[in-house]
Amino acid sequence: MATQVLLIEDDVDLSRELQEYLARRGYKCKACGTIGDAEAVIEQMQPDVVLSDICLPDGDGVIFCMTNAPGHPKARWLLMSGNQELVREGQRTARPDAAVTIVDKPVTMRLLNDFIRSASAVAAD
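Given the structure is predicted, the values throughout are model-derived calculations rather than measurements. (Residues numbered from 1 in each chain as written. Predicted model: local features only at pLDDT ≥ 70, side-chain atom pairs only at ≥ 80, totals over all residues. Heavy atoms only, no water.)

1. Section: the overall build of the chain
- Scanning the chain for helices and strands turns up five helices and seven strands.
- Along the chain, helices (α) and strands (β) appear in the sequence β-α-β-α-β-β-β-α-β-α-β-α when read from the amino end.
- Across the 125 residues in the chain, those meeting the buried criterion constitute 42%.
- Within the chain, contacts between residues at least 6 apart in sequence are counted, and of these 70% link residues at least 24 apart.
- Total accessible area computed for the chain in this model is approximately 6,700 Å², and 50% of it derives from carbon and sulfur atoms. (Helix = DSSP H or I, 4+ residues; strand = E, 2+ residues; numbered from the N terminus. Buried < 20%, exposed > 50% of the residue type's maximum accessible area, 1.4 Å probe, protein only. Contact = heavy atoms within 4.5 Å. Areas by Shrake-Rupley, 256 points an atom, 1.4 Å probe, with all protein chains shown as cover.)

2. Some points on the pattern of salt bridges
- Enumeration according to the criterion identifies four salt bridges in this entry.
- Of the charged contacts, one joins Lys 105 and Glu 9 as a salt bridge, the two residues approaching to 2.7 Å between their closest N and O atoms. Placement of the pair is Lys 105 in the loop between β7 (100-104) and α5 (109-124) and Glu 9 in the loop between β1 (4-8) and α1 (12-24), with a sequence separation of 96 residues.
- We classify Lys 105 as partly exposed; its relative accessible area is 22%.
- Look at Glu 9 and you get buried, because its relative accessible area is 3%.
- A network of salt bridges, in which partner residues are shared, links Glu 9, Asp 53 and Lys 105. (Salt bridge = Lys/Arg side-chain N within 4 Å of Asp/Glu carboxyl O.)

3. Regarding the side chain of Gln 4
- Considering the arrangement of structural elements, one finds Gln 4 in strand β1.
- Owing to a relative accessible area of 15%, Gln 4 belongs among the buried residues under this scheme.
- The residues touching Gln 4, leaving out its near neighbours within four places in the chain, are Lys 28, Met 45, Gln 46, Pro 47, Asp 48 and Val 49.

4. Here's the deal with the nonpolar core
- Counting residues in each nonpolar core, the largest one holds 20 residues, and the members touching the most others are Leu 6, Ile 8, Phe 64, Cys 65, Trp 77 and Leu 79.
- Among all residues touching Ile 8, those that are not within four sequence positions of it are Cys 32, Thr 34, Ala 38, Val 50, Leu 51, Ser 52, Asp 53, Leu 56 and Phe 64.
- Formed by 16 residues, the second largest nonpolar core is a distinct cluster that contains Leu 18, Leu 22, Met 80 and Phe 115. (Core = buried A, V, L, I, M, F, W, Y, C linked by side-chain atoms within 4.5 Å.)

Right, here's the structure in full:
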């Protein structure tokens, strides 16, 4: 079964680029541009991986992660931001028992692919 990826990114061009990249690698991706949309989607799917911007128009990707990670214990979370201060704050507040990685943007496609492959291997166990 294809790895299920929930992508939360408000930059339309970046979101489209990431969706196309993920589709070419055989991942099943559902993209959202807001926390509100992601809240509805995450209830309908059991993602293996959540890729989320931290700073979104209607909320904070770290808070979304902290709220939803317990209900999706097999999911791995990659939170991204171009704002180094937000990345540091996210790293400081992330729960140590959550499977969360927080990185600076821009994120390389190789890092994304390696992260998803690693998460897929963990989910298969």
